[in-house]
Each structure stands twice: as C-alpha cells, then as structure tokens.
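Structural description and commentary
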Amino acid sequence: MPSPASRSQPLLLLVPLLLLLLVSAASAWKKDEFRNCNQTPFCKRARGRKPHSVPSLSAADISISDGAVVARLLPSQPLRQATDGDDPESDTVPPRPLLLRISVYQGGVLRLHIDEDTSAPRRRFQVPDVLLPDLDDRRLWLSRLSSSAAAAGSSSFYLADGLEAVLVHDPFQIQVRRQGSGEPVLSFNSHGLFDFEQLRAKKNDGEDWEERFRGHTDTRPHGPQSISFDISFHGADFVYGIPEHASTSVALRPTSGPGVEFSEPYRLFNLDVFEYLDDSPFGLYGSIPFMLSHGARSSSGFFWLNAAEMQIDVLAPGWDDPAAPAKGRIDTVWMSEAGVVDAFLLVGHDPKDVLQQYTGITGTPAMPQEFAVAYHQCRWNYRDEEDVAAVDAGFDENDIPYDVLWLDIEHTDGKRYFTWDRVLFPNPKEMQEKLAAKGRHMVTIVDPHIKRDDSFYIHKEASERGYYVKDASGNDFDGWCWPGSSSYLDVLNPEIREWWAEQFSFQNYVGSTPSLYIWNDMNEPSVFNGPEISMLRDAIHFGDVEHRELHNAYGYYFHMATSNGLLKRGNGKDRPFVLSRAFFAGSQRYGAVWTGDNIADWDHLRASVPMILTLGLTGMTFSGADVGGFFGNPEPELLVRWYQLGAYYPFFRAHAHQDTKRREPWLFGEHNTALIREAVHVRYSLLPYYYTLFREASVSGIPVMRPLWLEFPADKKTYNNGEAFMVGPSLLVQGIYEERQKSVSVYLPAGQSWYNLRNGVSYTGGVSHKLEVSEDSIPTFQRAGTIIPRKDRFRRSSTQMVNDPYTLVIALNGSFAAEGELYVDDGKTYDFEQGAYIHRRFFFADRKLTSVNVHPANLGGKFSSDCVIERIVLLGLPSGAKKAVIEPGNREADVELGPLTLRGGSSLDVITVRKPNVRIADDWTLRIL
C-alpha cells in the first residue's frame, strides 16, 4: 500500500472508512446478496410455465428471400404481457407478428433469427462485433423449400450432406434431422415453451416498469422484454459448456425435474464474486451462451448470441412426463431478460466438428506469444521495486524458471491506471529493462473503473468528451470501486474503444516499455455498491442501449479495446498479451482468461479442471486457475499438488491475495522447493508441445486442454470424467485432489496402451488402474502412437531457450508406429501469417523416423532455425537396437539406454538415440538398426 506519510491528513482520516467499505463490498460469497430465480422476474415467470402452456405461434407467409427462409410468426391468441405482481392473464396486447429468418452456412450451421417487426416502440439490441466479419461470405444461398413437406404442414430445406432443417408451421417449431431416417438431432420449441415478451410504450406506473432487489430499484422503461424457449439435444448422453460456474463435474447436471430438489438454473450474469462456491450453478465472471452435447450417436451444439442476463435449465428425464421419461434426449430451457433470438444450431460428425463450427462463427483463439505460455508469478501486490528485484533474484537463486512478473493495483498512484506510485516505483522503465535483460516480461493491471478526479488526465478527458456510461437520468454513472468514486467508459462505442486503445501508446502510458503487457480485472464490470447492482441495469450506453441488454459483453468490449491498444502500440507487429477476468463469446480472439478469486483448498483445486475444460470447450482455450488459490494460505502439500496440476493448465500463473502469507516457491523448505521446481521444469520441457497445440487451436479452435471424450468420443467411460484430462491428443493427466492421498484410480481410454511419463512403464487402455501416489509428481501418461517434442535444457526464461536443441519422445503403439507435430515461429510477431514458420510432421513406422514438411507451398514467408534434435527417446521398441542411420548423408548415431528425462528422479533407462543432430527445418529420415 502507498506510504501514509505521502498522503494528506484528511485522506488519512478517511482510510479506515474506505477500507471498511471496500472489504464489506468485496467479501466472500453470501447467498442472500445474490438473486435466485424466484427473485428474478423473467426467470420466475419462464420457469413457471408448463410444456405447451404458452400461447402458440404459427408460421405464415413462408418464402425464400435473399437466399434465406423468411416468415411471420403469428400468435394464436392475444399476447400476454405478464406483470411481476398481478394476474398474468390481466394484461394483453393486440397481436403483433414476429419476424423469422433462417439462414444456412457452410459446414452444417443453421442460424435462427427472431425479432419484433418495425411497429415495435424501439429496436431491440443485437450484439455487435462478436461474429466474424466474413460469416456472411460463408452463407449458402437457399433456392427452394420442399413442396411435399410443405403440404403436410412443414417446410424442409438442405442443411448439409445427410442433414436437413424442418420448419413446422403450426405450432411453430424448428428441427434439424438426418435425411432419410428423419432422426432428429436438434429441435427448437418442440415443447412449446417459446415466449417473446414484446416491448411496450409506458402508459402508467406499476410493477411492470421497475424491479426491486434488496432495497434497490431498477426502472424498466419498456416493460418486461424477456425471451424463453426450449432446446432439445437428441441422441445426447450429456451436455457441456455455458461457462462460467464452478463445478466438480465437467458435464452439466440437471437443474430441474424428477430427482432434482431446490436447484437453481445455470446463471449467466457476469459478477464479481469473492471466494465463490466450488460446486454451484451460480454465475461468475464471464458468460458464454454456448452448449455442446455429446452421445454415442450424435454431437451437436447451440449458441445464442445474447448479452443480457440468462438462466438455463437442464431438465432431468421425465420432467415433462414422469411416467414415460425420454431416453437418449436432453431437454433444456433458455431464458433471457432481453435481446432477440439470434441463435445457431450446430451439428457435426463428432464433437471436434461442432467446436470448429462454433469457432468458425466467433473466431479461433489468438496465437499467443511464446513467453505467455510459460510460467507467470503474481501477487497482490509486490510492494516496490526492491521487492520486484528480490523476487526476480529468488527464482534465479533457486533454479526455477519464470517468464512474467505481475503488478496489481498498488503499483499505481492512488488507483489511477496508467500511472506509477512515485515513491514505490520511481524507475519503472529501468525495472522492466532489468527483467527484459533476462528474457522476462512484466504485466500491470488496468481496470475499467476510472477514478473521478479532475486532476487525473484520463478522467478529465473522458468526462469532457462524454465517454462514460450514463445513468437513467443522463448523468455520468458514478459507482464505487478501488479508487473510490469511479465512472466507467462506454466501450460499446467504437470511438471510445479507439480512444482507450490510444492510452497504451508509449507516449501516453508513461513508464511503459515493449516488454510490458496488460491485465484487465474487475471488468464484469464490478461496482462495490452491491454485487447484484453491478452497473445499474437501466444505465444507458451508446445508441440508447440499456445496460441490461449488453451487461455480459461489457468486459468483452473492454478486453477488445485493450488488446487493440497493445496491437497499435507495436505497430501491428507485436502479438498482444491481455488477461481478462470477464469474458463473452469471442473473447478468445483477444487474449487469456482465468477462473477468478478461488480459494486455497482441495475442493477448489478439484473444481479448477472442469472449469478450465469448460472454458476450452467454449473457445477460451487460453485459461487457467490461480495456482495455490487466491484466498487463504495453502499448506505445503496443497501448494505442491497445485503446481503439479497447474503446470498442465494452458495458462500457468500463481497468484495470491494481499492478506495471505508470502508464497514464492522457495518459502516452504528445500524439499518442497525441489518439488515445485520439478513441476515448473515439466512445463518448460513441454513448451514446444504446448506452443504447437496453441497453433492448432488458433487454426482449428480445438482446445489445448481437452476432456477425455473429445479425443475418445466413442468411449462412454470418458463422458463425465472431470478429474483427468488430455493435453492435446498425446498426454493424459490425472490430478491428485485429496490430502495425504496414497493411491488413485486412473481410467486410461480404450484403443491403445499408455506410457507413464515418469518411468516409461506401459499400461493397458480401456480399464482403470489403481496406482500408488508419489509426492514428486502426479500421474501423467503418453498415448501410444504419438510423438511429443520437448526441450530438456533449462534456462532462466523461455526466451533464453530459443536456440536450445529438442528431444523427441516416441511412444509406439501395437504396430510399432507413432506420429506427432512440431510448430516453430519467431514466438512474438505476426510474420507467421505470411508463412514465416516451420511446421513438421514426424512419422515412425517400420523402425524408421521421417520428418516431413507440412508448410503450405503457397505461403511465401520464410522462417529459419538452426535448432537440432539432440535426443530421440523410444518407448515400446523391442530391445536389440544397435545404431541409427540418418539420411541424407548416411550418417550414424549411437543408440543406447538412457534416462526418460534428464532431471533425475525415478525414471528407468529407455532406448535413446544420442546426438542425431538433425535440423528441425530439414527433411530427413532416421532408421533404427
């Protein structure tokens, strides 16, 4: 904290009061401070409806227009406009048709759009700048509807090979089904729960026009405007996705129906939640309204582009008919406070197809700089420049690599972002340059709340330009956050996003250097006036949009603007790194996220895996959890286990609250320091593999960290395993989640054998193995038939490993074959987009290893590297190998028994080719004789 001597006496008198307000506002999760469904009017109304109880709609005037199916949806009776306190039947309005538009896109994507017609009092908000700008270029031009189906009260049209879409006229329903068999895959409104509350002009006062919670009132100037409907996933065994909530299950559990008591729907409403529950459907910091289903017969997905508060029920079998529960189908109900229906129905041959369809709509993850994939050290707060230097030196003295050191809010001048405390951080450039000399980087925090201080240039300019979100009266919204009285930029406005991006220039952000990157926290947005108040729902944004309509996307736009700021700072050449706490669909294009303010306990360690897996399944592959837990003081065993697990997270960062004890890795005794060092070394050895996987994610959307079923979609035993996970296609990791655990049961998927990465021992797939637990590692296995690239020399940081040689670990399958990939570029610029990279595929068969160039010939960019492969480790090769012969050149290399790893430990000797010294950039073969 800033020195009291540097502050005026009046401020000193206010400090105790400010601390009390901040601590009470940012306290642990308290149930009564957050709304449940019964306290949320739109959710209560929607959840109370029974199947087919909503007045039905029929599709009329169906035609093809501009290559899409269009129709009007007409109500069968006057539309209800339910009130929050009166008889819902007492308020009706004249029928007003809804406008339906159905479009089809390449790859089997159906888009469903439903909105009010032009007679509505105002236009409903449609979320901009989330869908990829080239999406319309991939739209298929529909030319006809099936006349035979139309005669039977429905119209069908082509969706993809083997799939068709069906519009049922009356009552209105949409189906995606398989051609020929007619087997349904996805359906919209098959249970008649579609309800669309239309906007009204205010005529009188009453409960329709406001809502209250804990003494606070939000106006509703346009009345209730919620939307709800049912979506059914046919052929599904489980459904996944819709982050963010904490859970120990990667599959979504039922929230309503037979056998489910007192459960809330899954809530999507971005909130600042301290010490959140480890197993709850309650919403957290981000929201992605995308659900993925998977079963032995089908994989499908549903994405609703809507940024208002959302509640989603997963219904237990028999919810509609307890006497005859449906089998092989999962029904869900989606409820939103506002917006329109802009939804995408996705069907693929397997779950990876569905993920590629989703990221084809919202974008694939950005390719990170290589340093960002390494280890990050963070704390609220490193006190001053001397503390930063001491922590940096501590890593070197204890032989633990790291790449990034982080500064939290206390580094600023009075919580004024883009500034430095002149007493504690008088020489910020010099501090960063000292880190950069070792190949290290720094991250500083920049939050969205702007201190209302006329002497602060950011506030002064934003206020003068009218750049803040307004309250319902038209004044700048004034909320309470870390700086005290604060206002919030209206980042929905592209002009304001552009202005914000300019603040990251070296000229504006005085004291910043090219090695400094950014952390966006509190961007839900967090307002300490009360967690549910957040920013007032009737606050006004650009275009007269109410905050309730875009709340869940506020952090997305802030993340976007910050990322673009770093992009502009580097003249479009330097890949940005921005960590954001809040997120929405599409956030993957702008950087990383993490799971927020977790707790140092075993349950939160366990919950971190399903949370990160779920983020990956919804596009956000660059994600992680605070290693060690943000709140509380972990016992050494928990901290070690968290490092051992966190070393496999896509985003690997340790972080802690300012009230916790210091927990740098060397503060827990030499033995625990050695265990943590080993965990960090594991990550650094695997950086070539991780970077290759990030490249795959940036191209295909397939996440780095994957649930087992994504790699083994036919293996039902993997469908709800949230304790183990895959890193790419080749590594399986099983966490240890209990104190003093002596053994663990590990299920290894069927179809191949698996090699323990500590000792090279082979295990059979398709069964669970009870393994003894060792303190020096967690169970990790390499899948037979794969090749993993490593770097086994350890430096101070990843940037100092650039020219180091590689090791290939080849795990042979039953046919004594394997394959794998290696991707290498300069690790920091966008030159790879012009083809400046190396991309090799390795094949081993018939005792011969071949390196093949898979770089597209039509890309002209060049990237060179003199790096060589110095070791090739072969798991599963029968003994008797004498030597290796390398072509071209007819060179020989020694084959001998050597360690699986060069870090010591319990690894057994395995067959190793020593110093083949083949270049990673070249074509070559190596034959084992």
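Look above for the structure.
No experiment lies behind these values; they were computed from the predicted model shown.

Comments concerning the state of the cysteines
On inspection of all chains with the given rule, the structure shows 1 disulfide. Paired by a disulfide, Cys37 and Cys43 hold their sulfur atoms 2.0 Å apart. The sign of the S-S torsion, about -100°, decides the handedness of the disulfide formed by Cys37 and Cys43: left-handed. For Cys43, a relative accessible area of 0% corresponds to the buried category. Cys481 provides the cysteine sulfur closest to Cys378, a residue in no disulfide bond, and the two sulfurs are 17 Å apart. We classify Cys378 as buried; its relative accessible area is 3%.

Describing the packing of helix H13 (residues 670-685) against helix H14 (residues 687-700)
Interhelical geometry of H13 versus H14 gives an angle of 55° and a closest axis separation of 5 Å. On the basis of the axis angle, H13 is oblique to H14. Across the interface between the two elements, Arg683, Tyr684 and Ser685 of H13 pack against Leu687, Pro688 and Tyr690 of H14. By residue class, the composition of the contact of H13 with H14 is 4 nonpolar, 1 polar and 1 charged.

Points about the layout of surface pockets
Taken as a whole, the second largest pocket holds about 630 Å³ of empty space. Thr799, Val802, Asp826, Gly827 and Lys828 are the residues nearest the centre of the second largest pocket, which is lined by 36 residues in total. For the lining of the second largest pocket, the element with the highest residue contribution is H14, accounting for 3 residues. Here the residues of the lining of the second largest pocket are counted per class, giving 16 nonpolar, 11 polar and 9 charged.

Description of the side chain of Glu116
Mapped onto the elements, Glu116 comes out in strand E6 (residues 109-116). When its relative accessible area of 7% is taken as the criterion, Glu116 is described as buried. A polar side-chain atom of Glu116 sits 2.8 Å from a polar atom in the side chain of Arg124. From its side chain, Glu116 meets the backbone nitrogen of Leu199 in a polar contact 3.0 Å long. Discounting chain neighbours no more than four positions away, the residues touching Glu116 are Arg96, Leu98, Leu99, Arg124, Phe196, Glu197, Gln198 and Leu199.

Remarks on the nonpolar core
One finds Leu489, Trp500, Phe577, Tyr643 and Val727 to be the most contacted residues of the largest nonpolar core, which totals 175 residues. With residues up to four places along the chain from it excluded, the contact list for Val727 reads Tyr648, Tyr689, Tyr690, Leu693, Val704 and Val733. By size, the runner-up hydrophobic cluster in this structure holds 49 residues, among which are Ile102, Leu163, Phe188 and Leu252.

A closer look at the sheet that holds strand E41 (residues 762-763)
On the basis of which strands lie adjacent, the open sheet formed by 6 strands has the order E36-E37-E38-E43-E40-E41 and antiparallel pairing. Both outer strands of the open sheet, strand E36 (705-706) and E41, are each paired with one neighbouring strand and no more. Examined bridge by bridge, strand E37 (residues 724-727) and strand E38 (residues 731-734) share 4 bridges and lie antiparallel to one another. Across the sheet, Val727 pairs through a bridge with Leu731, a residue of E38.

Considering the sheet that holds strand E25 (residues 441-445)
Here we have 8 strands laid out as an open sheet, ordered E34-E33-E32-E29-E25-E24-E23-E35, and parallel in their pairing. Each having just a single partner strand, strand E34 (623-624) and strand E35 (652-654) make up the two edges of the open sheet. Contacting strand E29 (516-520), strand E32 (578-580) and strand E33 (592-594), helix H10 (residues 554-569) crosses the sheet at an angle of about 175° to E29.

What counts as what
Residues numbered from 1 in each chain as written. Predicted model: local features only at pLDDT ≥ 70, side-chain atom pairs only at ≥ 80, totals over all residues. Heavy atoms only, no water. Disulfide = S-S within 2.5 Å. Buried < 20%, exposed > 50% of the residue type's maximum accessible area, 1.4 Å probe, protein only. Axes fitted to C-alpha atoms, helices over the stretch in contact; angles between N-to-C directions. Helix = DSSP H or I, 4+ residues; strand = E, 2+ residues; numbered from the N terminus. Parallel < 35°, antiparallel > 145°, perpendicular 65-115°, else oblique. Contact = heavy atoms within 4.5 Å. Nonpolar A, V, L, I, M, F, W, Y, C, P; charged D, E, K, R; others polar. 1 Å grid on protein atoms, 1.4 Å probe; cavity = no way out; pocket = protein on both sides within 12 Å on 5 of 7 lines; lining within 4 Å. Points joined across faces, edges and corners; volume = space filled by probe spheres on them. Polar contact = N/O pair within 3.5 Å; in protein donor to acceptor, adjacent residues only side chain to side chain. Core = buried A, V, L, I, M, F, W, Y, C linked by side-chain atoms within 4.5 Å. Pairing = 2+ DSSP bridges.

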